[in-house]
Amino acid sequence: MLLLVLLAFGYTDGWLAPHRLTAQRMVNQLQANAGVFPGYRRNHAKGVCVTGYFDSNGQAQPYSVAEIFAPGRTPVVGRFAVPVGNPYAPDSAAPIRSMAMRFALANGQQWRTGMNSMPVFPVATPLAFYELLQAQQPDPATGKPDPAKLKAFFGAHPETSAFLAWVKTAAPSASYVTNSYWSLNAFEFVDAHGEKHAVRWRMVPEATDAAVGGSDPDYLDADLSQRIAKGPQRWHLIVTLANPGDPTNDATKEWPSDRRDVDAGTLVLTGTEPQESGPCRDINYDPLVLPNGIEASGDPLLPARSAAYATSYLRRTSEEAHLPGTAQAQSKAEAK
């Protein structure tokens, strides 16, 4: 079934046509940049599983018939991660954190979403993202990207200006718990009358205290475990409704701050487990796994993400699982 989904997206988005960008090429480039670590995701490889529930307050029901927005609790299995391809990289390797969630609705449907701790994406199209990955590929002589290639890429892509302005002020957070996480892509809520509402969403934390990462390269997992051991950690799901004319196919552009926000409920996380053995390990957080009442927008990044996630999933689940103390431990030692 997963292969059929991948092929469907490849066909509908033109990915399988000759000389066109494909999910295979996208994932190959991720591997060229970071290396291959059997059994791990090709991006956002370093992460941790979390469990809990979403407590809906019913305030989003006028905009979507999705069962998750009816008052009550929906169980979740999620994952926090650092957007790197090397699962043994230090937590400080990137200034961005990610949150992925699978909501298991009582009617058997699911909602899966992947969010990042930044308000805009650097580029608007799959091809531009692929070109960015190419520009970021480490030079074999230095082990680092070629500054001239990066400069040329950003010079040719003025749409990256909002992201570059944000990243200049960003620093790697010392806790997953104190970050907000944005959907970045737009979606459509469908109400009981069939009317569609363009939306974006973000998870806003209740925790605001500063955390100190220290010298531990894995400080994020330790901080999360300590916080959850003391009590559940909470975020509010804030849904932003677009005004007519707001772009829904360009993740590089923020919507004006005066757009209407709806607090749809509270995400409550109560447990954490290592990703190698936890319940998030075998979940593909495909952003196009949507329940009735939520639909994709025309953002071209959505089918590209879905196809690339499926490719990554098929590769990692077909590889031998490396257990600590064997080849995995050797890879970890070599990566340091």
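Computed from a prediction, not measured in an experiment: that's the story for all the values here.

Peer 1: What's the story with the environment of Pro217 in this structure? I'm lost.
Peer 2: Looking at where Pro217 falls in the secondary structure, it is placed in the loop between β7 (196-205) and α6 (219-230). A relative accessible area of 39% means that Pro217 is categorised as partly exposed. Measuring from C-alpha to C-alpha, the distance between Pro217 and Tyr88 comes to 8.8 Å, with 129 residues separating the pair along the chain. In this view, Pro217 contacts Lys46, Ala89, Pro90 and Asp91; residues no more than four positions away in its chain are not counted.

Peer 1: How do you make sense of the packing of aromatic side chains when you look at a structure like this?
Peer 2: Aromatic rings in a pair are described by how distant their centres are and how their planes are angled relative to each other. A full pass over the atoms with the stated rule returns 15 aromatic pairs. A centroid spacing of 5.0 Å and a plane angle of 85° characterise the contact between Trp111 and Trp201, whose relative ring orientation is edge-to-face. You can see Trp111 sitting in strand β4 (residues 110-116) and its partner Trp201 sitting in strand β7, a full 90 residues away along the chain. Classification of Trp111 by relative accessible area gives buried; the value is 1%. With 5.4 Å between their ring centres and 75° between their planes, Phe153 and Phe154 make a pair best called edge-to-face. For Phe153, a relative accessible area of 6% corresponds to the buried category.

Peer 1: So what exactly am I meant to see when it comes to the packing of helix α2 (residues 23-34) against helix α7 (residues 301-318) here?
Peer 2: Each pair of packed helices can be summarised by the angle the axes make with each other and by the distance between the axes. With their axes 8 Å apart at the nearest point, α2 and α7 run at an angle of 65° to one another. The interaxial crossing formed by α2 with α7 has right-handed handedness. Residues Ala23, Gln24, Val27, Asn28 and Gln31 of α2 pack against Ala307, Ala308, Thr311, Ser312 and Arg315 of α7. Looking at the contact of α2 with α7 residue by residue, the class counts come to four nonpolar, five polar and one charged.

Peer 1: Explain the pairing of strand β2 (residues 72-82) here, please?
Peer 2: Taken residue by residue, a regular strand's side chains alternate between the two faces of the sheet. β2 sits mainly inside the fold: eight of its 11 residues count as buried. Summarising the sheet, strand β1 (residues 46-56) and β2 pair through 11 bridges and their orientation is antiparallel. In the strand pairing of β2, Val48 is matched with Phe80. Where β2 meets strand β3 (residues 98-104), six bridges bridge the pair, whose relative direction is antiparallel.

Reading the values: the criteria
Residues numbered from 1 in each chain as written. Predicted model: local features only at pLDDT ≥ 70, side-chain atom pairs only at ≥ 80, totals over all residues. Heavy atoms only, no water. Helix = DSSP H or I, 4+ residues; strand = E, 2+ residues; numbered from the N terminus. Buried < 20%, exposed > 50% of the residue type's maximum accessible area, 1.4 Å probe, protein only. Contact = heavy atoms within 4.5 Å. Phe/Tyr/Trp six-rings, centres within 6.5 Å; stacked < 30°, edge-to-face > 60°. Axes fitted to C-alpha atoms, helices over the stretch in contact; angles between N-to-C directions. Left-handed = near helix turned anticlockwise from the far one by under 90°. Nonpolar A, V, L, I, M, F, W, Y, C, P; charged D, E, K, R; others polar. Pairing = 2+ DSSP bridges.

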